[in-house]
Amino acid sequence: MRVDIGVMCYNESKSIPAIVQALAEVRKSLPAVDLRALLINNGSTDSTEQIITEIEKQNNFVRHFTIPVNLGYGYGVRTGLDYLSGEVVGFMLGDNQFDASVLAPMIRTFLEKPNVQLVKTYRTKRYDGGSRLLVSKIYQIIFRILYGVYTHDINSGPKLFRSDFLKKLQPLRSNDWFIDAELMIKATRNYQSNQVIEFPIIFYPRKFGKSNVKFSACFQFLFNLVIIYISLKISV
């Protein structure tokens, strides 16, 4: 089975080498899987382009794609997904804030459970501030009320999809951080509860760089949840 994972890189020059090393270890642990990584330079202004170009030369399972100007996280995810062609595809952040070894059991789930269409993570502990945690909890509650589906953590990654299932969620339109919610909203309309598996992770503090999620984006998430819900109701 071939698995393609897009790694979102925006000014992550110091974090990416560790991510790729972790992916190499995951690859070794799954001899039945052809794991490939696409490093997506989402308009970085640091030395990310030079770093990932060199990493690609040194690792035959890695390739990279560059978006010259950052047009948003969601734009980068949408563009990157178009370049993935595995039987299972997905994406993750390149900030090295979680233990990437979780990808091994996530991928193994697709081998062992043919009915599963989506495998994602949820953060049991996170070190990104109390205010962000509070907004996230409110976000999850509103999502459950509006869409009637429980998921532990809408925005947590990595997220992996069977490619045929992901096609059902197209087209994707979000250019910002709402892309995760858009995927989950559309997924809830296409899967049964036993087709989704969630794995716990710890969301560690950044070792390098800074978060690119502004606090105002948290409230924009909440606004978008309600707006999309209204638009879906009107379109029915």
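Our subject in this report is the structure included herewith. (Residues numbered from 1 in each chain as written. Predicted model: local features only at pLDDT ≥ 70, side-chain atom pairs only at ≥ 80, totals over all residues. Heavy atoms only, no water.)

1. Topic: the overall build of the protein
- The helix and strand inventory of the protein stands at eight helices and seven strands.
- Taken across its 236 residues, the protein has 50% of its residues classed as buried.
- Within the protein, contacts between residues at least 6 apart in sequence are counted, and of these 80% link residues at least 24 apart.
- Working note: accessible area of the protein is about 11400 Å², and carbon and sulfur atoms make up 55% of it. (Helix = DSSP H or I, 4+ residues; strand = E, 2+ residues; numbered from the N terminus. Buried < 20%, exposed > 50% of the residue type's maximum accessible area, 1.4 Å probe, protein only. Contact = heavy atoms within 4.5 Å. Areas by Shrake-Rupley, 256 points an atom, 1.4 Å probe, with all protein chains shown as cover.)

2. Here we look at the pairing of strand β6 (residues 159–162)
- Neither face of β6 is open: one carries Lys159 and Phe161, the other Leu160 and Arg162, and all of them are buried.
- One ladder, built from four bridges, connects strand β4 (residues 88–93) with β6; its direction is antiparallel. Counterpart to Val89 in the pairing with β6 is Phe161.
- Across three bridges, the pairing between strand β5 (residues 118–126) and β6 is antiparallel. Residue pairing for β6: Lys120 is matched across the bridge by Lys159. (Pairing = 2+ DSSP bridges.)

3. Remarks on the environment of Ile202
- Looking at the secondary structure, you find Ile202 in strand β7 (residues 196–203).
- A sequence separation of 104 residues divides Ile202 from Phe98, and the C-alpha atoms of the two residues are 6.0 Å apart.
- Not counting the four nearest positions on each side in its chain, Ile202 is found in contact with Gln97, Phe98, Thr124, Lys125 and Tyr127.

4. Focus on the side chain of Asn42
- Tracing the sequence through the fold places Asn42 in strand β2 (residues 34–42).
- Taking relative accessible area as the criterion, Asn42 reaches 2% and is therefore assigned buried.

5. Description of a nonpolar patch on the surface
- A grouping of Phe223, Val226, Ile227 and Ile230 is seen on the molecular surface, where their side chains present a nonpolar patch of about 340 Å² in accessible area.
- Relative to the helices and strands, Ile230 resides in helix α8 (residues 215–235).
- In this structure Ile230 comes out as partly exposed when scored by relative accessible area, which is 42%. (Patch = residues over 30% accessible without salt bridge, like charges linked within 9 Å, V, L, I, M, F, W, Y side chains within 5 Å. Salt bridge = Lys/Arg side-chain N within 4 Å of Asp/Glu carboxyl O.)

6. A word on the environment of Asp180
- With respect to the helices, strands and loops of the structure, Asp180 is situated in helix α7 (residues 179–188).
- For Asp180, a relative accessible area of 3% corresponds to the buried category.
- Linking Asp180 and Asp153, residues 27 residues apart in sequence, is a C-alpha distance of 10.0 Å.

7. Notes on the sheet that holds strand β3 (residues 62–67)
- Here we have seven strands laid out as an open sheet, ordered β3-β2-β1-β4-β6-β5-β7, and mixed in their pairing. Strands with a single pairing partner mark the edges of an open sheet, and in this sheet they are β3 and β7. Adjacent strand axes in the sheet meet at a mean angle of 20°, parallel and antiparallel pairs treated alike. (Axes fitted to C-alpha atoms, helices over the stretch in contact; angles between N-to-C directions.)

Remember, this is a structural readout, not a statement about activity or role.
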